[in-house]
Structure formats: C-alpha cells, structure tokens
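Residue-level structural notes
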Amino acid sequence: MARREDLPKVYDPRAVEAKRYARWEELGYFRAEPGGSRPPFSIVMPPPNVTGSLHMGHALDNVIQDVLIRRRRMQGYAALWLPGTDHAGIATQAVVERELAREGLTRHELGRELFLERVWNWKERAQARIVEQLKRLGSSADWSRERFTLDEGCSRAVTEVFVRLYEEGLIYRGERIINWCPRCLTALSDIEVEHREVEGELVTVAYPLADGSGEIRIATTRVETMLADTGVAVHPADPRYAGLVGKEAVLPLVGRVLPILADEGVDPEFGTGAVKVTPAHDPLDFEIGQRHGLPKVDIFTPDARVSDAGGAFRGMDRYEARRAVFRALEEGGYLRGVVRPYLHAVGHCYRCGTEVEPRLSTQWFVRVEPLARAAVEAVREGRVRFFPERWSKVFFDWMEGLKDWCISRQIWWGHRIPAWYCEGCGEVVVAREEPASCPRCSGALRQDEDVLDTWFSSALWPFSTLGWPEATPDLAFFYPTSVLVTGYDIITFWVSRMIMMGLHFVGDVPFRHVAIHGLVRDWRGKKMSKSFGNVIDPLEMVERYGADALRFTLARSATPGQDVPLAEEWVEGSRNFMNKIWNAARFVLMNRAGESSAEPPGERGLAERWILSRLARAGARADEAYESYDLAEAARVLHHFFWSEYCDWYLEVAKVAMARGDGEAARARKTLLFVLDQALRLLHPLVPFIADEIWTRLTGGETVATASWPTGLEAFLDPVAEDEFETVQKTVVAIRKFRQDHGIAPTARLDVTFRAEEASERVLAEAAEMVSRLAGLARFSPGSTEGRAKLHVRAGLELGVAVEGFLDVGREIARLRREEEELEAEAYRVRARLGQPGFLAKAPPEVVEGTRRRLAEAEEGLARVRQLLAELEGLQP
C-alpha cells in the first residue's frame, strides 16, 4: 500500500514519471493473458520504422492507443496492446547506405552478408531508442510481447503466406510495367508513388509517313522516350485519322518504321489525338503493345541513363536526354508546337522524392482482385467500421479497380523471396524451406536476390504477431483485434492490405474498428518539416513540460479524422492544467480530516448535489466520447469539469463550508475527496502519471492503472440541483463582472439585493452566505433594487448593487458616454466605407474581411457600453 502523505508544493514531472513507469512495469500491470472470464480487448501497435527517432505523428498515434487501452484495462478487460517495430526495407537500407557513404563505402563493396550485419546493428540501436521514447510517453504496451517484422515468427508467417498465395495462383512472376525509383534502384508499388503537379512542356512532333504522303503529329510530355517508340496509335472513332490507320510512320532521329494502329485506350482529347506507343516505358502503352503485338525497346539503364539502344544519346541522364532530343528535333525540322508551361501529374518515390520511371521489368505480383472483393464486402457489411465513417470512402475508392500488387524489391534488407531458380533447366521452385536441389533435374539452385515489399509483411501484422500460422491461444482469444488506430494517409498502404490478408488467411477481419486520425501540423495548419523550421520534437516537449502535458495537448486536438494542429504554447497550457490538478489535490489532501474518498457524504447540500451531478454528466460524456474515439471531446469535457466546475466553483464553495467548521465542513471535505478520486480515474487514460501519483496518495491504493473505471455515476444526476446552482453561479458572475466593468476594487464589500420569482428567491436566500463569500459582499439579501445599479441576471431575477462610496456615478456615466460616441463614430465610418460603390468589388478580399471585422467589433462594443449605461440608469446625481 502506498503511504498517504501531503503532496510536494510544486509538481515536478521528472520526479514522478520515471518512477511511476518503472513501478508499473515491475508489477506487470501491462501484461495480458488469454482466457479467463474477462472479455478480450486488443490493439496491435502500428509498428514504427526502425529508421530513427519517433516524431510527433508517432506520439499522437501511440497516445490515442494508450488512452484506449488504459481505459479498457480499468473496465476489467483482458487488454492487450501488442508493441513492435517495422524493418522498413527501403527507408532503413537508405539510412545505412548514407552512413556507409560517409565512410567512402557502398553496400556492394561490403557484400550482402556484411551489409546486412551493419543494418541489424542499426536496427538494434534504433529499436531500443524507439522503445525508450514510447515508454517516456507513458505507452502501457505489453513489452514482454514485443515483435519485429523480421523476427523469426513474423518471418515464418511471411514465407507461409507467400507460398500459399503462389500455390493458389494468387502470386505470380511476370513482365510488366512497374514504378522504378532510379535513386533507390528498386521497384515500387502504385501506392508507394506520390503524384505531384510539375511544370513541363507539351511538345508536338511530326512523324513522317513512310509512303512520303505527309506526316502524323503526336503530342508528348517526354520527347526522350520517343527513342523507344514501336508504334503510333489513334482512337478508332477519331475521324481525323481514319485514313491513316494501317499505314506506317517513320520515327524521327531513329528511322524505325512504326505501324499506325487504332486502339480504344487512346484519349482523342489529349494533344493531337495521336500518341506515340512506347511499350517498355508506359503502362498504357504496354497494354496497347500487348494487344497489337508491338516489340518492346528499353532505352534506360536502372539509374535512368540512356542505354545503348539510345544511339547518339547513349549515357545521358533522362533530363539531359530530353533537352538533347528536343534540340535534335528542332534542328531536324520535326517540331510543330510547344506548350509551356504545361502542368501535369508526375509520380515520385514516396521515400526519397525522386521522379519515378515507368519501366518494363520482371517482378513478383499479387493478384489482388479476389482478395480485394472480399475486403470490400467485409467493410460494406459493417464487419469493419471506420471512425469517422466518411473515411470508408477512401477505402472503397482505392479498392475499386485495384491493380495487381508488385511485391518484389531490388534491395537486400527485408524478407528474401522464397523462390529458387535452377541453373540447369530453369525451373522455378517456391518453397517454405530452402530446397537442396532442383526437383526436376537435381541441378543447383540460386535463390532470388530480391526481397519482399515491406508492406507485404506488415499486412500480416495483426495475426503474425499473435502466433499465426500456429493455432495459438493468443490468436484464438485476441483475434480479431478490437481497433486499429492509424492516420488517414495509410488507409491505402496498409489498412486495405491487412483486411485482405486477415480475411484470406485467418478467415476473419483483422480488427473490428479503424479509428482514423489526421496528421500533426503546426498551429497554422502547415505540414511540419525541418526545412520549414516548424518541427516540434515530442521528447523535447516531454523534457520541458512533462509527458502528461504533451499527451493532453495531443488528445485535446485529436478530433477524429482531422489534422491535428500543434503549438508549443498549447503544451505549456496543458502543463498549467497539470499544475491546476496538482494544486487542487494538494489542497484537498492537506485539509482532509481522516475522511475516505470511497463514498460521498449521505447528507448533501445544494453545492454537493450539483458537483456530483456535474461529475455524472462529465463521466457520461467522456464515456460517449471515448467509445467513438473522440479524444478531443473527452479531453475538453474533463478539462472543463475539473478546472471550471470542480476547482473554480466547488473548491471555492468548499472553502466557505470548511471555514464554518461545522457539519458542512466534513460534508465538503468528503465530497472533495470522492469527486477527486473519480475525476482522477476518468483522467488517468489521458494523463496517467500525475493521476497515478495523486490517486495513490489519496486512496493508499497500489495504482489507479488497475482501479475500477467509474460506473453508476448516473445515480447522482440531479437536474434540479444543476438548475438551482446555475442561478447561484450566474448571480456571482454578474456581480464579479459588474465590479470589473466599472473598475470597483475586488476588496470592496458591496451591498446587493435581489428580486426574483419564488423558486429563484428561495434558492438565493438559502445560498446567501455562499454568494456573499464568492462575490465578496458585505450583505446579500432579498429586497428592492430601486436606487441601485440594476443587473438583469436571467428571466425573473434582478440584482440591485449599492454603489455609493465605491463608484463616482457621474464620472462613470460620462466616461461611458464618451466611449459610446467614439464607437458610434467608428461604426459610422466603417459602414460608410463598406457602402462605397466599388469597394467590395475592387478591394482585396482580406481588406474587405478586415473592414467587416472592424464593424462587428464596433457594434459589439456599442452593445456592451449601452448595457453598462443601462445598469446605471436612474443613478445620475
């Protein structure tokens, strides 16, 4: 049992967080076991890449998961949060290759074995760093189950999936146009390509007809690839070219004779309506070439230089070749027009940003159509639900017409493809274990050099981490997992593929819910980038303000499905909330007199009934928000309850009661303790460290992490008490505001009367002492408001404030009249400007908006001043 004691005067996160986390781990609070009577709740952590440190996006993703898992743990679930990391093939290899380059080495000079040893060393360091950072954030994952996409179990699952899909005819090896990164020197799948609008040029080139009867003009944005043309195509319904179909054209600069053919794939609206066909360098051209039996000419090397097939342009990089071919066409008299600039979408590598080259290549592919069909059906039937639901549209749009998935990568770091080639007969052997020799001719075998796409292994993550392909107790109990927490940017990359693989191999969806969050941006909505200088390091924020402050800031901004704005000042503001919690708890603990926090008092006054009812409402609203993955709403509700209602109102009321020293004092103390206990439980998922530090001292319990979640609070709901106490609140606020508006000192003890309908009069009469203490009054009593400043609090309730001796009424009215005149003049000037002919049409939008804002401010100021004058009406000397 933790020893009860007063809290230190100042909250120091560094003195609390490491100690608390070590204790949680030591006592095994985060471990989950299958079986038993408790219902399962499971999350598999989207595995961070072992490329470096965590960024703020990782922090957001993991805070959301931690909030969900901590709450379910308190609700009595067997709650498993299974952590792990991803080998991130291309990205991690690129990081290590940059390290080698600083040493003047390449991976080829090291050789595959030594290079992979270097990458494994990097992985060990990066993984340890990531785990430590996650722990600093308070992530309550079951670290005893930590997985890695290249560990033995996950690797066995990957091999099993590959072999089964191959045996089912859903994996094949073939020659297709793929996305090729000339910098990473590997194939990419369609979703690893980012399409960006770039400025280029649309060039019209004349291809002479072979019979000398004229020319056919084609339009292209890439004149360099014409060196690989093997045909010219037009749409069969295009009347402009009806007489040319079946003829031949001569390829400028090369002299190759090209057939002119008709194909439905041609867009007659693009350029001239006639296109060059380059089957080795464009996916549509490849399909046209397949349909018409055109040869394929590859004019690029892997690093996007012109190959020997490029003749005089051999050795040039693609951009240099583009300029050189353009000049040659110009000099040869083949140019017929150039559109500059011409905006068009160009694919770029999602890892390094290099312009992707469509390239003919032999690769391994997954035939996705049957897998995608089952996944779409599961989402349409509601077996997988997206939160917010609108993000399911992104999923459906992507899955519609999905192309086969290129899964082979020309790198060394990753799961090597379990395929071997016979050097004798050419047999391809796909197997779970390395075969000794060719099963057909007993010849020697050579394993495929390529590795699998990283997303192939991560698509298996929800079940490979639970022991599949073995029928483990973990798999039986925790699969399907309960929820996947992820950003909208990888619905296509990852979510879709996990659904496909889970259904196909385990027979059920991988998760029931997909909770979508946005990207973390700066407070202006701009993407965080080192080049912009607006990156906020999560560990810096933890060091400066504490993990709870960062967690609460992220949660408070995490409206489901929307981007998350963030500013350091907001983290500082959350730190102030932590201080508010600490100081309130310190006051409560210092003033306890042996009372327990287990139960509220049996006898309750208006204030106690009100705060308990507000606690019940906050708990219900927080529960509703948590269930819909709206952490922003849960954080807002609990922040408002604790700061505004518990601290700013009930704590102050309790001070009044405790000053009396009678039975009301004991009642107030007991209420303070009970509500604090319940509020800390509600807050724990969001701010686990401070909540646990206070709760253990408050209750003497071991940890709030395994305490029961608040239930049954609805019994405290009391709408009558809420309405009556609202009357007290509005009365106090009106008096405080009157002081502030008219410059009356807070220490001035005013005499206030009230005139109200029967119900409100009874409430205020009973709460007179409370109102007097909270509003700093000498007297508060029912009576006439004549001859006093009149405050209209609500319908049927008017206050009269005696201001003699505290306010020079004549001077105050004169001041307000001057302010009224100034505001009237300002409003007149601004209205006149807005009414000027042409102003709205000619002025910049921001100027018009600013002018309208000035008018609104002037009108609001006028309304405020006139209300203040009305309060003093009839008091002029």
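Note that this is a predicted model, so its numbers are computed, not measured.

Let's shift gears to the overall build of the protein. Check the secondary structure of the protein and you find 27 helices and 29 strands. Counting only C-alpha atoms, the protein reaches 110 × 75 × 55 Å along its principal axes. Evaluated residue by residue, the protein yields a buried proportion of 57% over its 877 residues. Taking contacts inside the protein between residues at least 6 apart in sequence as the whole, the part at least 24 apart equals 77%. Summed over its atoms, the accessible surface of the protein is roughly 37800 Å², and 49% of this surface lies on carbon and sulfur atoms.

Bringing the environment of Glu33 into the picture now. Here Glu33 shows up in the loop between α1 (13–26) and β1 (40–44). Between the C-alpha atom of Glu33 and that of Leu343, which follows or precedes it by 310 residues, the distance is 57 Å. Setting aside anything within four residues of it in sequence, one finds Glu33 in contact with Ala78, Arg145, Phe477 and Phe478.

Counting residues in each nonpolar core, the largest one holds 162 residues, and the members touching the most others are Phe642, Tyr646 and Leu799. The biggest single contributor to this core is helix α19 (residues 631–660), with 16 residues. Beyond its immediate stretch of four places on either side in the chain, Leu799 contacts Thr731, Ala734, Ile735, Val752, Thr753, Phe754, Phe780, Thr785, Ala789, Lys790, Leu791 and Val793. Cys154, Ile417, Ala459 and Ile499 belong to the second-largest nonpolar core, a separate cluster that totals 68 residues.

Two elements in contact, helix α16 (residues 547–557) and helix α21 (residues 688–699), have axes separated by 7 Å at closest approach and are oriented at 125 degrees. Judged by the inter-axis angle, α16 sits oblique to α21. Every residue of α21 that contacts α16 at Ala547, Asp548 and Arg551 is listed here: Pro688, Phe689 and Ile690. Split into classes, the residues belonging to the contact of α16 with α21 amount to 4 nonpolar, no polar and 2 charged.

For the rest of this paragraph, the subject is the packing of aromatic side chains. Enumeration according to the criterion identifies 33 aromatic pairs in this entry. Taking the centre distance of 5.2 Å and the plane angle of 80 degrees together, the rings of Phe463 and Trp468 count as edge-to-face. These aromatic residues form a ring-pair network of at least three members: Phe162, Tyr166, Trp364, Trp405 and Phe456. For Arg380, the ring lying beneath its charged end belongs to Phe396, and the centroid distance is 4.0 Å.

Right, let's get into helix α6 (residues 152–167). Over its 16 residues, α6 runs 23 Å from end to end, which matches the ideal 22 Å to within 8%, given 1.5 Å per residue. When we look at burial in α6, the residues that qualify are Cys154, Ser155, Ala157, Val158, Glu160, Val161, Phe162, Val163 and Leu165. The backbone nitrogen of Gly153 has a side-chain oxygen 3.3 Å away, supplied by the residue at the start of α6, namely Asp151. A positive phi of about 80 degrees marks Gly169, the residue just after α6.

Right, let's get into the sheet that holds strand β18 (residues 419–422). Pairing in this open sheet of 3 strands is antiparallel, and the strands run β19-β18-β20 from one edge to the other. Among the strands making up the open sheet, the edge pair consists of β19 (428–430) and β20 (445–447). Pairs of neighbouring strands in the sheet enclose a mean axial angle of 30 degrees, with direction left out of account.

This part covers the sheet that holds strand β5 (residues 171–181). Strand order in this open sheet of 4 strands is β6-β5-β14-β16, and the pairing throughout is antiparallel. This sheet does not close on itself; its edge strands, each paired only once, are β6 (186–188) and β16 (405–406). Judged from the 10 bridges that link them, β5 and strand β14 (residues 357–366) form a sheet pairing that is antiparallel. When the sheet's bridge partners are listed, Ile171 is paired in β14 with Val366.

Most of strand β2 (residues 78–82) is tucked away: 5 of the 5 residues are buried. Sheet topology note: the β1/β2 ladder contains 5 bridges and is parallel. Residue pairing in the sheet places Pro40 in a bridge with Ala78 of β2.

Take unusual backbone geometry next. At the junction of Arg340 and Pro341, the peptide bond is cis and its omega measures out at -15 degrees in the coordinates. Mapped onto the elements of the fold, Pro341 is located in strand β13 (residues 335–349). The backbone of Leu253 shows a phi angle near 70 degrees, a positive value even though the residue is not glycine. With respect to the helices, strands and loops of the structure, Leu253 is situated in the loop between β10 (248–250) and β11 (257–262). A relative accessible area of 35% places Leu253 in the partly exposed class. Even without a glycine there, the phi angle at Ala304 is positive, about 65 degrees. Positionally, Ala304 belongs in the loop between α7 (283–292) and α8 (318–332). You can call Ala304 buried: its relative accessible area is 4%.

Tallied over the entire structure, the rule returns 86 salt bridges. Among the salt bridges present, the one from Asp229 reaches Lys276, with a minimum N-O distance of 3.3 Å. Of this pair, Asp229 sits in the loop between β8 (215–220) and β9 (231–234) while Lys276 is found in strand β12 (residues 274–277), placing the two residues 47 residues apart along the sequence. Arg817 is paired through a salt bridge with Glu820; the nearest N and O atoms lie 3.3 Å apart. In this pair, Arg817 and Glu820 are both assigned in helix α25 (residues 809–834), 3 residues apart and thus about one turn of the helix distant. Within this structure, Lys19, Arg20, Asp692, Glu693 and Arg697 form a network of salt bridges that share partners.

Attention now moves to the state of the cysteines. Using the criterion set out here, one finds 0 disulfides in the structure. Between Cys352, a cysteine without a disulfide, and Cys181, which holds the nearest cysteine sulfur, the sulfur-to-sulfur distance is 3.5 Å.

So, on to the environment of Glu449. By the secondary structure assignment, Glu449 is in the loop between β20 and β21 (451–452). With 438 residues separating them along the chain, Glu449 and Tyr11 place their C-alpha atoms 57 Å apart. Among residues more than four places away in sequence, those in contact with Glu449 are Arg112, Ile411 and Arg416. Here Arg416 takes part through its side chain, which lies 3.3 Å from a polar atom of the side chain of Glu449.

Where α1 contacts α21, the two axes come as close as 9 Å, and the packing angle between them is 80 degrees. Here α1 is positioned roughly perpendicular relative to α21, judged by the angle of their axes. Residues Val16, Glu17, Lys19, Arg20, Tyr21 and Trp24 of α1 form the contact with α21, whose own contacting residues are Pro688, Phe689, Asp692, Glu693 and Thr696. Per-class residue counts for the contact of α1 with α21 are 5 nonpolar, 1 polar and 5 charged.

Right, let's get into the pairing of strand β23 (residues 511–517). Of all the 7 residues making up β23, 5 are buried; the element is thus mostly covered by neighbouring parts of the structure. As paired strands, strand β15 (residues 385–387) and β23 are joined by 3 bridges and run parallel to one another. Directly across from Arg385, in β23, lies its bridge partner His513. Where strand β22 (residues 481–487) and β23 come together, 6 bridges link them in parallel fashion. Paired with Thr481 across the bridge in β23 is Phe511. Once the chain exits β22 it traverses helix α14 (residues 491–506) before rejoining the sheet at β23, and the crossover so formed is right-handed.

Calculation notes
- Residues numbered from 1 in each chain as written.
- Predicted model: local features only at pLDDT ≥ 70, side-chain atom pairs only at ≥ 80, totals over all residues.
- Heavy atoms only, no water.
- Helix = DSSP H or I, 4+ residues; strand = E, 2+ residues; numbered from the N terminus.
- Buried < 20%, exposed > 50% of the residue type's maximum accessible area, 1.4 Å probe, protein only.
- Contact = heavy atoms within 4.5 Å.
- Areas by Shrake-Rupley, 256 points an atom, 1.4 Å probe, with all protein chains shown as cover.
- Core = buried A, V, L, I, M, F, W, Y, C linked by side-chain atoms within 4.5 Å.
- Axes fitted to C-alpha atoms, helices over the stretch in contact; angles between N-to-C directions.
- Parallel < 35°, antiparallel > 145°, perpendicular 65-115°, else oblique.
- Nonpolar A, V, L, I, M, F, W, Y, C, P; charged D, E, K, R; others polar.
- Phe/Tyr/Trp six-rings, centres within 6.5 Å; stacked < 30°, edge-to-face > 60°.
- Lys NZ or Arg CZ within 6 Å of the ring centre and 35° of its normal.
- Expected span 1.5 Å × (residues − 1).
- Polar contact = N/O pair within 3.5 Å; in protein donor to acceptor, adjacent residues only side chain to side chain.
- Pairing = 2+ DSSP bridges.
- Salt bridge = Lys/Arg side-chain N within 4 Å of Asp/Glu carboxyl O.
- Disulfide = S-S within 2.5 Å.
- Right-handed = clockwise from strand over helix to strand, strands pointing away.

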